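Fold and contact review
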Amino acid sequence: MTGLLTLALHAALMLAAAPVLAGLRALVRARLSGRAGPTLLQPWRDLERLLRKQPVLPEAASWLFTAAPFVCLAVAIAAALLVPSFTLGMATAPLADLVVLAGLLAAGRFTLALAGYESGTALGGMGASRITTAAVCGEPATLLVILALAALARSSNLDTVSATLRDGPRGLSWIAAGAALAIVGFTAIGRRDDGPALTLVDPAIALGYSGRYLAMVAYAGQLGALAALGVLVALFLPFGIAASGAGPLAWAVGVAAWMLKMGALGVCLAALDAIGPGLSPARAPAVLGIAAALAFLAAVVVFAGQGPV
Amino acid sequence: MTLASLIRAGAAQPMRPWPRYLLTPKAWRAMAQTDAGGSEPAFLGLWADADHAHALFVAESPLLASVRIEAGMFEAMSPARPAAALFERMVHDLWGHLPGNGVDPRPLLDQGHWPVLRPLSARPAPNAAPAEPPEFVGATGRDLHQIPSGPVGGVMEAMHLRLTAAGETVVRLEAGLGYAHRGILALMRGKPLHAAAALASRITADSTVAHAIAFARAAEAAAEVEPPPRGQALRCVMAELERIASHLSDLAAAAQGLMAARCGDLRENVRVASHAAFGHRLMMDRVVPGGVAADLTPAGITALSAALDRIAAAAPALQRGLYLMKGQTVGVGICRPAEPRIARQMPDTASYSRPSAATAEAAMREPSANDVDARLRLRLREIHGSTGLLRKLLARLPPGPVDVAVPDATGEGLGVADGARGDVWHWLRLDAGAVAANFARDPGWLDLPSIEAACRSARLSDIPLILRSINPASASLEL
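Reading the values: rules and limits
- Residues numbered from 1 in each chain as written.
- Chains lettered and ligands numbered in written order.
- Predicted model: local features only at pLDDT ≥ 70, side-chain atom pairs only at ≥ 80, totals over all residues.
- Heavy atoms only, no water.
- Helix = DSSP H or I, 4+ residues; strand = E, 2+ residues; numbered from the N terminus.
- Rg over C-alpha atoms; globule rule 2.2 N^0.38 Å.
- Buried < 20%, exposed > 50% of the residue type's maximum accessible area, 1.4 Å probe, protein only.
- Contact = heavy atoms within 4.5 Å.
- Lys, Arg positive; Asp, Glu negative; His and termini not counted.
- Charge placed at Lys NZ, Arg CZ, Asp CG, Glu CD.
- Core = buried A, V, L, I, M, F, W, Y, C linked by side-chain atoms within 4.5 Å.
- Patch = residues over 30% accessible without salt bridge, like charges linked within 9 Å, V, L, I, M, F, W, Y side chains within 5 Å.
- Areas by Shrake-Rupley, 256 points an atom, 1.4 Å probe, with all protein chains shown as cover.
- Salt bridge = Lys/Arg side-chain N within 4 Å of Asp/Glu carboxyl O.
- Axes fitted to C-alpha atoms, helices over the stretch in contact; angles between N-to-C directions.
- Parallel < 35°, antiparallel > 145°, perpendicular 65-115°, else oblique.
- Left-handed = near helix turned anticlockwise from the far one by under 90°.
- Nonpolar A, V, L, I, M, F, W, Y, C, P; charged D, E, K, R; others polar.
- Expected span 1.5 Å × (residues − 1).
- pLDDT = per-residue confidence, 0-100.
- Pairing = 2+ DSSP bridges.
- Phe/Tyr/Trp six-rings, centres within 6.5 Å; stacked < 30°, edge-to-face > 60°.
- Arc of directions from axis to C-beta.
- Polar contact = N/O pair within 3.5 Å; in protein donor to acceptor, adjacent residues only side chain to side chain.

A short note on the overall build of chain A
Counting secondary structure elements, chain A contains 11 helices and zero strands. In sequence order, chain A lays out its α and β elements as α-α-α-α-α-α-α-α-α-α-α. Radius of gyration (C-alpha) of chain A: 19 Å, near the 19 Å computed for a compact globule of 309 residues. Its C-alpha atoms give chain A principal-axis dimensions of roughly 60 × 45 × 40 Å. A total of 309 residues make up chain A; the buried ones form 50% of that total. When contacts within chain A are restricted to residue pairs at least 6 apart in sequence, those whose partners lie at least 24 apart make up 82%. Averaged over its 18 positive side-chain charges, chain A has a centre that lies 7 Å from the centre of its 12 negative ones.

So this is what it looks like as structure tokens:
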């Protein structure tokens, strides 16, 4: 019963917070660039505006193109529900497997790429090829991190791994795995200097979406970013999170801690966006290669530490 | 026979301050076919009037060669000088003169939507044919795809870019124009000088001062008047302010994050100071034939000095910002060096020497170094050069009046100004104080070949940066 209640609270929190995190990043980025910036709620307003607009579809698009946003959104919501925010032991905890989460996020990317190819436009195809390139480069690192963590905790369940990491020693494998996952996450959700930005600011527009479809794709992207950061926080910054079976007071502390951590990460991302030179698609494979090397190091250290199985 | 002597052998026409040479069709053909060698005069532009075509070269002084149009044709120069192709297409669109043996017969500005054909010719014809979509050369080969961009929502104002790419590598970039044609030359025709000057300063917003100065110099040459020293010095102040603001705005567009914010902030500061000093952020209509429209007050000098101080204080940070961008900018977007800049070297057009110019020129001439990084660093150097020059100018402004009256004259003049992107040339013929024929040659004419060369075999993701480092001004072509 408590599991269901916390799940409901968690769902409301995630669904409401995803655009706010995007808003926070935009605001901090604008402030660091010397501009006043939009309000925190601007992404919500944009979504509401997009929902009211009439969508325009590419001529060559089939049913797949209109179905893709629904799949994207469904997958993103599922991922967001699995990642614990303020408490462990939610009703979805037994399902919150790291491999499942990585698979859900990859499925979202896959659907979006499919829609990009499907639209038949040059820019859509290019956006899709970028998405798939980044995915191909990012997956090995993700899977190696999962391997290392699963070997450490003897389980790939997010709650179990989180608890193991919280109580366990912070060794080389912890640092390497955390860095690798941070790189993969930040690469996936950080600002890109995409070439199609010749005409397009938002990669989703590159895929030809508009109106409510664009709103769905954008919201799915925000939820995916929140979920990816949520995994990072749950695994490597688990302080403040309420234990399974704790009461409302611990939940409140958990919510506050979660907001603090997410806010800090959002500010970090925005600072990277504003100060860094931006990651060009051409350099992404190299950066993700570093992440894969770190993840491999983590896995080797874990296995070496455990001795012969 | 060298190109210069070929042109000088023509009949000298009374243009001021340099004569114009009327060539026979035979001499013109010989000139057009003379291959442009290294030490030959540089080709700067080609235009026409109702019954002549004019080609501008520059050696130690400008050489304007003309030929009479016969049977609606003149010999094209593009087979020997590819840079002439754009001008020939424009001449055909506006005046209807056919470039014989031209390499590119496609229209440039007239995409079929104008109410008349050849609007600047003696007898424009009504346009009856339906408009056709513009043609692009593209490229043939396996696995090539075309990416359209603009004219709405692209990185460049009112310009269509057609990219032919193989995967992530650009095979060819083509720029299409004609979306923002305003008919400025036609509007200027028949107008009195002050009205025509106002139009000339609206050709392109970020070079409004340079265009106004070049136009005013051409008009003053035609009317044989000389602006007073204070007027000339104030023109120079405005031109340098415009250069600083334009370069800062280009740097802001090419950079990202903090560097972009810092450049944008400095640029805004220069614009505000310009408003305080001259009453207009862009200093539009402040340069008029005969001098300048507004004097500089001590309060204005203080405002300008404060803006210069802020730029000087930010210099190390700007250097650092460009250094941090090197990973993206070195070796990217290499194109041929920019054309030689003449205005700042000619004693009779630039009254003030620019100390930074020589080193900057050297950097631009080195072809291997003309990548995005070199172009951005050149802008930064020019900003520092202009700041130093402005300090000297503001400290020693000559006293006296700022303008003289320009009589209603009949005559022909050629004027040049040192703009932010390069030399701006204005040619005009006055008839009793009104503009009878004219042309404005902005350095933007050479930008289109530059971006096409710089984007060849570049990565798709580098295209916006390359374009911003050149910042082609399509408005200056849409005359």
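Further notes follow.
Comments concerning the nonpolar core
W28, M31, M77, M90, W95 and F278 of chain B are the most contacted members of the largest nonpolar core, which totals 143 residues. Not counting chain neighbours up to four residues away, the residues in contact with M31 of chain B comprise L3, L6, I7, L23, A55, F57, A65, M77 and R81 of chain B. Counting residues in hydrophobic clusters, the runner-up holds 72 residues, among them A128, V145, I146 and L149 of chain A.

Quick notes on a nonpolar patch on the surface
On the surface, a cluster of nonpolar side chains totalling about 240 Å² of accessible area is made up of L32 and I275 of chain A together with L258 of chain B. For I275 of chain A, the position within the fold is in helix α10 (residues 248–275).

Topic: the packing of helix α13 (residues 447–454) of chain B against helix α14 (residues 463–470) of chain B
All names here are of chain B. At their nearest, the axes of α13 and α14 sit 10 Å apart, and the two run at 150 degrees to each other. By the angle class used here, α13 and α14 are roughly antiparallel. Between α13 and α14 the crossing geometry is right-handed. Residues D447, S450, I451 and A454 of α13 lie in contact with α14, whose contacting residues are I466, L467 and I470. Across the contact of α13 with α14, the residue classes tally to five nonpolar, one polar and one charged.

Here we look at helix α6 (residues 208–223) of chain B
With 16 residues, α6 of chain B ought to run about 22 Å at 1.5 Å a step, and its terminal C-alpha atoms sit 22 Å apart, in line with that. Judged by how many residues are buried, α6 of chain B sits mostly within the fold: 15 of 16 residues are covered.

Brief notes about the confidence of the model for chain B
Residues and elements named next belong to chain B. For chain B, per-residue confidence averages 86 on the pLDDT scale, and residues scoring 70 or more make up 91% of the total. When the criterion is pLDDT under 50, residues 347–368 qualifies, and its contacts beyond four places in sequence or with other chains add up to 41 contacts. For this predicted complex, the interface confidence comes out at an ipTM of 0.71, alongside a pTM of 0.83.

Some thoughts on the sheet that holds strand β11 (residues 145–149) of chain B
Residues and elements named next belong to chain B. Taken in spatial order, the three strands line up as β11-β12-β13 in an open sheet, and their pairing is antiparallel. Whereas interior strands pair on both sides, the edge strands pair on one side only; in this sheet they are β11 and β13 (169–176). On average, each strand axis in the sheet is inclined to that of its neighbour by 20 degrees, with strand direction left out of account. Taken together, the five bridges between β11 and strand β12 (residues 160–166) define a ladder with antiparallel strand orientation. Pairing of P148 across the sheet is with R162, part of β12.

Some words on the pattern of salt bridges
Residues and elements named next belong to chain B. Going through the model one piece at a time under the given rule, you end up with 25 salt bridges over all chains. For D295, the salt bridge identified is with R230, shortest N-O distance 2.9 Å. Of this pair, D295 sits in the loop between β15 (291–292) and α9 (298–324) while R230 sits in helix α7 (residues 229–254), and the two are 65 residues apart along the sequence. The salt bridge partner of D373 is R377, with a shortest N-O separation of 3.0 Å. Pair noted here: D373 and R377 are both in helix α12 (residues 372–395), with a separation of four residues, about one helical turn. In this structure D373 comes out as buried when scored by relative accessible area, which is 4%. A relative accessible area of 33% places R377 in the partly exposed class. Taken together, the shared-partner salt bridges connect R20, D49, E412 and R429 into one network.

Examining the confidence of the model for chain A
Per-residue confidence for chain A averages 84 on the pLDDT scale, and 91% of its residues sit at or above 70. Predicted confidence for residues 193–202 of chain A stays below pLDDT 50, and this span has 36 contacts to residues more than four positions away or in other chains.

Some thoughts on the sheet that holds strand β18 (residues 434–441) of chain B
Picture the strands of a sheet paired through backbone hydrogen bonds; they go either parallel or antiparallel. Residue and element names in this part refer to chain B. In spatial order, the strands read β2-β16-β17-β18; together these four strands make up an open sheet with mixed pairing. Two strands bound the open sheet, and with one partner strand each, they are β2 (15–16) and β18. Two strands pair when backbone bridges link them, and strand β17 (residues 423–431) and β18 are joined in this way by seven bridges, in the antiparallel orientation. Within β18, the position partnered with W425 by the bridge is R441.

Some details on the packing of helix α5 (residues 122–153) of chain A against helix α11 (residues 284–306) of chain A
Residues and elements named next belong to chain A. Following both chains from N to C, one finds α5 and α11 inclined at 15 degrees, their axes separated by 8 Å at the closest point. In terms of axis orientation, α5 runs roughly parallel to α11. Here α5 and α11 pass one another in a crossing that is left-handed. Contact residues: A134, C137, G138, A141, L144, V145, L147, A148, A151 and L152 in α5; P285, L288, A291, A292, A295, F296, A298, A299, V302, F303 and Q306 in α11. Taken together, the residues that form the contact of α5 with α11 break down as 19 nonpolar, two polar and no charged.

Considering the packing of aromatic side chains
Residues and elements named next belong to chain B. All chains considered together, the criterion is met by 12 aromatic pairs over all chains. Summarising the aromatic geometry, the rings of W47 and W427 are spaced 6.1 Å apart at their centres and angled 40 degrees between planes, so their arrangement reads as tilted. Of this pair, W47 sits in strand β4 (residues 42–48) while W427 sits in strand β17, placing them 380 residues apart in sequence. Assigned by exposure class, W47 and W427 land together as buried. Ring geometry for W47 against F439: centres 5.0 Å apart, planes inclined by 15 degrees, an arrangement best described as stacked. Of this pair, W47 sits in strand β4 while F439 sits in strand β18, and the two are 392 residues apart along the sequence. The same class applies to W47 and to F439, which are both buried. By the ring-pair criterion, three or more aromatic residues cluster together here, those being F43, F57, F87 and W445.

Overview of helix α2 (residues 25–33) of chain B
Residues and elements named next belong to chain B. Among the residues of α2, A27, W28, M31 and A32 are the ones counted as buried. When α2 is viewed along its axis, its buried side chains cluster within an angular range of 140 degrees and face the same direction. Exposed residues lying more than 90 degrees from the buried face of α2 are K26 and Q33. Lining the buried residues of α2 we find α1 (3–8), β3 (20–23), β4, β5 (52–58), β6 (62–68) and β7 (73–75).

Some remarks on the side chain of E220 of chain B
All names here are of chain B. Here E220 is to be found in helix α6. Judged by relative accessible area, E220 falls into the buried class, the value being 4%. Here G290 takes part through its backbone nitrogen, which lies 2.7 Å from a polar atom of the side chain of E220. Excluding anything up to four places from it in sequence, E220 contacts V225, P227, R235, V288, P289, G290 and G291.

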